[in-house]
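# Understanding the architecture of this molecule
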Amino acid sequence: SVIKSAQPPSPINNADFDVQRRAAMMQAIKNAMRQPSAGEQRELGLIEKIECTNKGMFFHLKTQTQVFKLAAASPQSIQMRAYTPEAMQIQFGCNLKQVDIPIVFTFKPTSDPKTKSNGEIVALEFVPKSFILEK
């Protein structure tokens, strides 16, 4: 009888593994994210600034196409999550300047002529720079 030699295991391609790992991480983030409720919108952007006035706390959030000014009923009412370690170093509060960590923000769109806001912020979720939000 002839003894067949087993094929040597193929080397693990680290580049392929890394691509698959990243895809799995992004999918896990998407699955864990807060889903918008009826009447809410979700966008991907950056925090330009947070300002506090006598009319309230406002988040200025910039997407690729526009800047949103969103009111916060109270800082405690905003659901915040971080899916990237860089977000842990951010000190949230009035007069926060631009943060270069992408953020998925969920809001209830309304138009308030007095404060010129686009709505009320509901949730802020920090995501990795390579994150893509599918609508």
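Reading guide: rules and limits
- Residues numbered from 1 in each chain as written.
- Predicted model: local features only at pLDDT ≥ 70, side-chain atom pairs only at ≥ 80, totals over all residues.
- Heavy atoms only, no water.
- Helix = DSSP H or I, 4+ residues; strand = E, 2+ residues; numbered from the N terminus.
- Buried < 20%, exposed > 50% of the residue type's maximum accessible area, 1.4 Å probe, protein only.
- Pairing = 2+ DSSP bridges.
- Contact = heavy atoms within 4.5 Å.
- Phe/Tyr/Trp six-rings, centres within 6.5 Å; stacked < 30°, edge-to-face > 60°.
- Lys NZ or Arg CZ within 6 Å of the ring centre and 35° of its normal.
- Disulfide = S-S within 2.5 Å.

### Some words on unusual backbone geometry
Backbone geometry places Asn95, a non-glycine residue, at a positive phi of 70°. Relative to the assigned elements, Asn95 resides in the loop between strand 4 (79–82) and strand 5 (99–112). You can call Asn95 exposed: its relative accessible area is 57%.

### Examining the pairing of strand 5
Where strand 1 (residues 41–53) meets strand 5, six bridges bridge the pair, whose relative direction is antiparallel. Bridge pairing links Gln41 to Phe107 in strand 5. Connecting strand 5 to the next strand, strand 6 (residues 117–126), in antiparallel fashion are four residues, including Lys116 with a positive phi near 55°.

### Some words on the side chain of Ser117
Mapped onto the fold, Ser117 is located in strand 6. When sequence neighbours within four positions are dropped, the list of residues in contact with Ser117 reads Phe58, Lys69, Ala71, Thr110, Ser111 and Asp112.

### Digging into the pairing of strand 1
Note: strand 1 against strand 2 (residues 56–62), seven bridges, orientation antiparallel. Across the sheet, the residue bridging to Glu51 is Phe58, located in strand 2. Linking strand 1 back to strand 2 in an antiparallel pair, the connection comprises two residues.

### Some points on the packing of aromatic side chains
Applying the stated rule across the entire model yields three aromatic pairs. Ring geometry for Phe68 against Phe107: centres 5.1 Å apart, planes inclined by 55°, an arrangement best described as tilted. Of the two residues, Phe68 sits in strand 3 (residues 67–72) while Phe107 sits in strand 5, which places them 39 residues apart along the sequence. Assigned by exposure class, Phe68 and Phe107 land together as buried. Among the aromatic residues, ring-to-ring pairing joins Phe68, Phe105 and Phe107 into one connected group. Over the aromatic face of Phe131 sits the side chain of Lys30, whose NZ or CZ is 5.7 Å from the ring centroid.

### Observations regarding the state of the cysteines
Put plainly, a disulfide is one covalent bond tying together the sulfur atoms of two cysteines. Summed over all chains, the structure comprises one disulfide. Here Cys52 engages in a disulfide with Cys94; their sulfurs sit 1.8 Å apart. Its S-S torsion of about -85° marks the bond between Cys52 and Cys94 as left-handed, since a negative value means left-handed. Remark: Cys94 occurs in the loop between strand 4 and strand 5 and Cys52 occurs in strand 1; sequence separation between them is 42 residues. A residue is classified by how much of its surface remains accessible, and Cys52, at 32% relative accessible area, is partly exposed.

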